[in-house]
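Each chain, written out:
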Amino acid sequence: MKKIIVLLSLLSLFLITGCTNINTLSIDRIIETVIKKDSKLKNVNFEGYSYYVPRGLKFINKNEYNAYLSDQYNNNYYIYVDVVSKYNKIKHKYKINKKAFYSKEIKYKDKFGYLEINEHNDSYFVEAMYNYMKIEAYVSKNNLNNTLSDISLILSSVNYNDKVLDTIVGENILNYKEENYNIFDTNKDKSDFLDYVKEYDSEETTKDEDSIEIEEEE
């Protein structure tokens, strides 16, 4: 049954990528096809939430609600899950950046977010936020569409356990410090994850009470 669900969930993506080069697709097509789906896929579970990590990506490090991943193209991803904003049901409207290479608000049912891409030297700086998860990445121009496909799969799959969040956030809301990292704001040309990498890159991968092993699909 699990295999059937996985195949059905990825069918629409396969139809546009399996018979054609994904690099020939428009960004709009990738986003519409992948991110605006109610994906039920998951292969990593954390306290209060879970999501799906596509094949080819691996965890480098994790600390609380931050995660640092890399892919087969040597692109790095910084992931941040804002459980406090999720718990408080904060809404925010994205303002289109006309100077960006790509800038678009994303809405689907009761979920919202944005995708903004800016040129950074010989690469792109991607900022994607959806359903209270934000992913930042520096991406080589040749790998942009492949990376956007992976990012979209992750964002579309994030799922929250409200009962757990009520316990870990609701009962301890006063203990949460005000975050300097705002998922609703874009950084335009500089990624906060570089500071994260600098701080944690020399340490061993953090597991604490969570498991960051990617579960194998049955």
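In what follows, the structure referred to is the one given above.
Residues numbered from 1 in each chain as written. Predicted model: local features only at pLDDT ≥ 70, side-chain atom pairs only at ≥ 80, totals over all residues. Heavy atoms only, no water.

**Considering the sheet that holds strand 9 (residues 133–140)**
Sheets are built from strands that pair by backbone hydrogen bonding, the pairs being arranged parallel or antiparallel.
Here is step 1: Spatially, 3-4-5-9-8-7-6 is the arrangement adopted by the seven strands of the open sheet, whose pairing is antiparallel. Of all the strands in the sheet, just strand 3 (58–63) and strand 6 (102–108) have a single pairing partner and so form its edges. Pairwise comparison of adjacent strand axes, ignoring direction, gives a mean angle of 15° for this sheet.
Here is step 2: Both strand 4 (residues 66–70) and strand 5 (residues 76–81) contribute to a ladder of five bridges, which runs antiparallel. Directly across from S70, in strand 5, lies its bridge partner N76.
Here is step 3: In the packing of helix 2 (residues 27–35) onto the sheet, the strands contacted are strand 6, strand 7 (111–120) and strand 8 (123–130), and the crossing angle to strand 6 comes to about 25°. (Pairing = 2+ DSSP bridges. Helix = DSSP H or I, 4+ residues; strand = E, 2+ residues; numbered from the N terminus. Axes fitted to C-alpha atoms, helices over the stretch in contact; angles between N-to-C directions. Contact = heavy atoms within 4.5 Å.)

**Some remarks on the side chain of N143**
Here is step 1: Relative to the helices and strands, N143 resides in the loop between strand 9 and helix 4 (144–157).
Here is step 2: Engagement of the side chain of N143 in a polar contact is seen with the side chain of S140, the distance being 2.6 Å.
Here is step 3: Not counting chain neighbours up to four residues away, the residues in contact with N143 comprise Y73 and N75. (Polar contact = N/O pair within 3.5 Å; in protein donor to acceptor, adjacent residues only side chain to side chain.)

**A look at the pairing of strand 7**
Here is step 1: Of all the ten residues making up strand 7, eight are buried; the element is thus mostly covered by neighbouring parts of the structure.
Here is step 2: As judged from the seven bridges shared by strand 6 and strand 7, these two strands associate in the antiparallel manner. Paired with K107 across the strands is F112, a residue of strand 7.
Here is step 3: Strand direction decides the pairing type here: strand 7 and strand 8, joined by eight bridges, are antiparallel. Considered in strand 8, the bridge of N118 is made with F125.
Here is step 4: Connecting strand 7 to the antiparallel partner strand 8 that follows it, the hairpin turn spans two residues, and N121 within it adopts a positive phi of roughly 55°. (Buried < 20%, exposed > 50% of the residue type's maximum accessible area, 1.4 Å probe, protein only.)

**Considerations on the pattern of salt bridges**
Pairing is possible between side chains of opposite charge, provided their charged atoms come close.
Here is step 1: Counted according to the given criterion, the structure contains five salt bridges.
Here is step 2: We note a salt bridge from D28 to K104, for which the minimum N-O separation is 3.4 Å. Of the two residues, D28 is situated in helix 2 and K104 in strand 6; the sequence distance between them amounts to 76 residues.
Here is step 3: Given a relative accessible area of 34%, D28 falls into the partly exposed group.
Here is step 4: K134 is the salt-bridge partner of E136, the closest N and O atoms lying 3.4 Å from each other. Across the pair, exposure class does not vary: E136 and K134 are buried alike.
Here is step 5: Overlapping salt bridges, with partners in common, bring together E127, K134 and E136 in one network. (Salt bridge = Lys/Arg side-chain N within 4 Å of Asp/Glu carboxyl O.)

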